[in-house]
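A structural walkthrough
Listed here are the chains, written in short residue letters.
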Amino acid sequence: ELKEIVFIIQSQSNSFHSKRAEDLKRDILKQAGDLGKELPTVLLIHQMDGHEGAWTILPLMRDFSVTYGRNSSWIFFCEEDTRVQVVKLLETLGRFDKSKEWFLGKALYDEESTIIHHYAFAENPTVFKFPDFAAGWALSIPLVNKLAKKLKSEPLKSDFTIDLKHEIALYIWQKGEGPHLTPVPEFCTDDVNSYKVHHCATTFSNFLPLCGEPVKKEDIFVAVKTCQKFHGDRIPVVKQTWEREAALIEYYSDYADISIPTIDLGIPNTDRGHCGKTFAILERFLNHSSPRTPWLVIVDDDTLISIFRLRKLLSCYDPNEPVFLGERYGYGLGTGGYSYITGGGGMVFSRVAVQKLLASKCRCYSMDAPDDMVLGMCFSGLGIPITHSPLFHQARPMDYPKGYLSHQIPVSFHKHWNIDPVKVYFTWLAPNTEESLNGKKVGYNREDL
């Protein structure tokens, strides 16, 4: 029965994202109403829990078990851009015995072991499957109850959340004692208009969001963090690739080199976190750039980014809100920690967010503290949620499953390690005529990089 499915939309509180999640909720309830069925429960994750770790899902299992453990059969999770065919979903879940422990989804796997997953399953990474959240994924209530019981006796470890879909699959797998992910062909990430989707219970709108005109080049100030030892190898890559897309760009270093040119902020370079440098950049943006420039992007000198695509993406965000956008990681979320935007993929700030941050007294606890984590801690303390976009990437294209990247138009990648970064940029990120004409996904020659 439809009423036995609890739908959980992996939503966010930012106004653009919460509206998309509300639209999806309305669509699911309308489909259910049109069937004349008793309506299912549809919940938005950002409304469910006061603490910041709700997006990591596992801390919610005990609540799910208590609230839905008796009268429901399935918890079905999806992203705000997942499209659900309710009738097909009912048929699909109906094939599985709801009294057993099931973990269902569209399977992703690593082609080679990757730093994002702490080099897990190094001997054969393809053996371990984890769900593509974009296609939706489901847990049977017996499995939810089992996880809730385990969490009661063994609280979650308070460490890093880096790739949630992989970490949830690992937790459920329990070193081989729990269920593996069961791949379900009806959970799809093809576009709803594709000829391939007639059998699909879910589809995914896989294009770069565009909400009106792209943000003007002059409305984005780009700050590149570098240091003297990388002036000779990393900065030339920026200049060969994405620098031309940026109207306002400055390079911040520990040494003023007029040939680039770089600006010496008077902050010595540190081997580890660059908190002192980042806060100096934030101060400079507020005090020295035009107050009419609404957006700041801070990137590393080995970040590859598409400013062209970022301008489209930012058209969906209100610069009058405190926006802190990028790829979300978590620290200590099982015990009340905080979320943060990981720096390598690029950190995007609205001017309002920078103003609120610097008006607070939250600062680096040391000059070499990890800047991205300190920023996450500060924004968390101010009650300003961070906004996650999976289009920013802390690692290289080969560090992600091909199936995951296949439904993305990425905004950034990070690191030059063992790759030709110029080739990566022109294969994955460079604007081309067709893309600039219609804003839709285009076919790239993404050879194995």
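A quick note: this is a predicted structure, and the numbers were derived from the prediction, not measured.

**Brief notes about the overall build of the chain**
Looking only at helices and strands, one finds 13 helices and 22 strands in the chain. Scaling as 2.2 N^0.38, a compact globule of 449 residues should have a C-alpha radius of gyration of about 22 Å, and the chain matches this with 22 Å. The C-alpha extent of the chain, read off along each of the three principal axes, is 70 × 50 × 45 Å. The buried share of the chain, reckoned over its 449 residues, is 56%. Taking all contacts inside the chain whose residues are at least 6 apart in sequence as the whole, residues at least 24 apart take part in 74%. Positive and negative side-chain charges in the chain, numbering 50 and 56 respectively, have mean positions lying 3 Å apart.

**Focus on the environment of Leu 24**
Tracing the backbone through its elements, the reader meets Leu 24 in helix H1 (residues 15-34). Judged by relative accessible area, which is 2%, Leu 24 ranks as buried. Sequence separation between Leu 24 and Ile 9 is 15 residues, and the spatial gap between their C-alpha atoms is 8.2 Å. In this structure, Leu 24 is in contact with Ile 9, Cys 78, Glu 79, Glu 80, Thr 82 and Arg 83, ignoring residues within four places of it in sequence.

**What about the state of the cysteines?**
Disulfides are covalent bonds that connect the sulfur atoms of two cysteines. According to the stated counting rule, one finds 4 disulfides in the structure shown. Shown here is the disulfide that connects Cys 188 with Cys 200, its sulfur atoms set 2.0 Å apart. Residues Cys 188 and Cys 200 are joined by a disulfide whose S-S torsion is about -90°; by sign, that bridge is left-handed. With a gap of 12 residues between them, Cys 188 in the loop between strand S10 (182-183) and strand S11 (202-204) and Cys 200 in the loop between S10 and S11 connect regions that are remote in the sequence. We classify Cys 188 as buried; its relative accessible area is 4%.

**A few points about helix H10 (residues 371-381)**
When you tally the buried positions in H10, you get 8 out of 11 residues, the bulk of the element. Taken residue by residue, H10 has Asp 371, Asp 372, Met 373, Val 374, Leu 375, Gly 376, Cys 378 and Phe 379 as its buried positions. Remark: Gly 383 follows H10 within two positions and exhibits a positive phi of approximately 75°.

**Some points on the nonpolar core**
Counting 83 residues, the largest nonpolar core has Met 61, Leu 139 and Leu 310 as the members making the most contacts within it. The two domains that each donate at least three residues to this core are domain 1 (2-204) and domain 2 (217-438). By size, the runner-up hydrophobic cluster in this structure holds 25 residues, among which are Tyr 252, Val 374, Cys 378 and Ile 384.

**A word on the domain arrangement of the chain**
Under the domain assignment used here, the chain contains domain 1 (2-204) and domain 2 (217-438). For domain 1 and domain 2, the distance between their C-alpha centroids amounts to 30 Å. Taken together, the contacts link 31 residues of domain 1 with 31 residues of domain 2. At the boundary of domain 1 with domain 2, total buried surface from both sides reaches about 2600 Å², with 54% on carbon and sulfur atoms. The interface formed by domain 1 and domain 2 holds 0 salt bridges in total.

**Structural notes on the packing of aromatic side chains**
For the structure shown, the criterion picks out 23 aromatic pairs. Aromatic side chains Tyr 329 and Tyr 340 sit 6.0 Å apart centroid to centroid with 75° between the ring planes, which places their arrangement in the edge-to-face category. Of this pair, Tyr 329 sits in strand S18 (residues 328-331) while Tyr 340 sits in strand S19 (residues 338-341), and the two are 11 residues apart along the sequence. Note on accessibility: Tyr 329 and Tyr 340 belong to one class, buried.

**Here's the deal with the pattern of salt bridges**
If you walk through the whole model with that rule in mind, you get 21 salt bridges. For Lys 146, the salt bridge is made with Glu 101, and the minimal N-O distance between the two is 3.3 Å. Taken as a pair, Lys 146 in helix H4 (residues 141-153) and Glu 101 in the loop between helix H3 (86-94) and strand S5 (103-105) lie far apart in primary sequence, 45 residues in all. Classification of Lys 146 as partly exposed rests on a relative accessible area of 33%. Salt bridges sharing common partners tie together Lys 19, Asp 23 and Arg 26.

**With respect to the sheet that holds strand S8 (residues 137-140)**
Pairing is mixed across the open sheet formed by 6 strands, whose spatial order is S2-S1-S3-S8-S5-S10. A strand with exactly one partner marks an edge of an open sheet, and here the two such strands are strand S2 (41-44) and S10. Of the strand pairs in this sheet, strand S1 (residues 5-10) and strand S3 (residues 74-79) are connected by 6 bridges, and their pairing is parallel. Residue pairing in the sheet places Ile 5 in a bridge with Trp 74 of S3. The sheet strands contacting H4 are S3, S5 and S8, and the helix crosses S8 at an angle near 75°.

**Overview of the sheet that holds strand S9 (residues 160-161)**
Reading across the sheet, the 3 strands line up as S9-S18-S19 and stay open at both edges, with antiparallel pairing between neighbours. The two strands at the open ends of the sheet, each matched to only one other strand, are S9 and S19. By the bridge criterion, 2 bridges tie S9 to S18 in an arrangement that is antiparallel. Within S18, the position partnered with Thr 161 by the bridge is Gly 330.

**What to know about a nonpolar patch on the surface**
On the surface, Ile 115, Tyr 119 and Trp 417 cluster together into a nonpolar patch covering about 340 Å² of accessible area. Mapped onto the elements of the fold, Trp 417 is located in the loop between strand S22 (412-414) and helix H12 (421-429).

Basis of the calculations
Residues numbered from 1 in each chain as written. Predicted model: local features only at pLDDT ≥ 70, side-chain atom pairs only at ≥ 80, totals over all residues. Heavy atoms only, no water. Helix = DSSP H or I, 4+ residues; strand = E, 2+ residues; numbered from the N terminus. Rg over C-alpha atoms; globule rule 2.2 N^0.38 Å. Buried < 20%, exposed > 50% of the residue type's maximum accessible area, 1.4 Å probe, protein only. Contact = heavy atoms within 4.5 Å. Lys, Arg positive; Asp, Glu negative; His and termini not counted. Charge placed at Lys NZ, Arg CZ, Asp CG, Glu CD. Disulfide = S-S within 2.5 Å. Core = buried A, V, L, I, M, F, W, Y, C linked by side-chain atoms within 4.5 Å. Domains from an automatic or database assignment. Buried area = accessible area lost by both parts, 1.4 Å probe. Salt bridge = Lys/Arg side-chain N within 4 Å of Asp/Glu carboxyl O. Phe/Tyr/Trp six-rings, centres within 6.5 Å; stacked < 30°, edge-to-face > 60°. Pairing = 2+ DSSP bridges. Axes fitted to C-alpha atoms, helices over the stretch in contact; angles between N-to-C directions. Patch = residues over 30% accessible without salt bridge, like charges linked within 9 Å, V, L, I, M, F, W, Y side chains within 5 Å. Areas by Shrake-Rupley, 256 points an atom, 1.4 Å probe, with all protein chains shown as cover.

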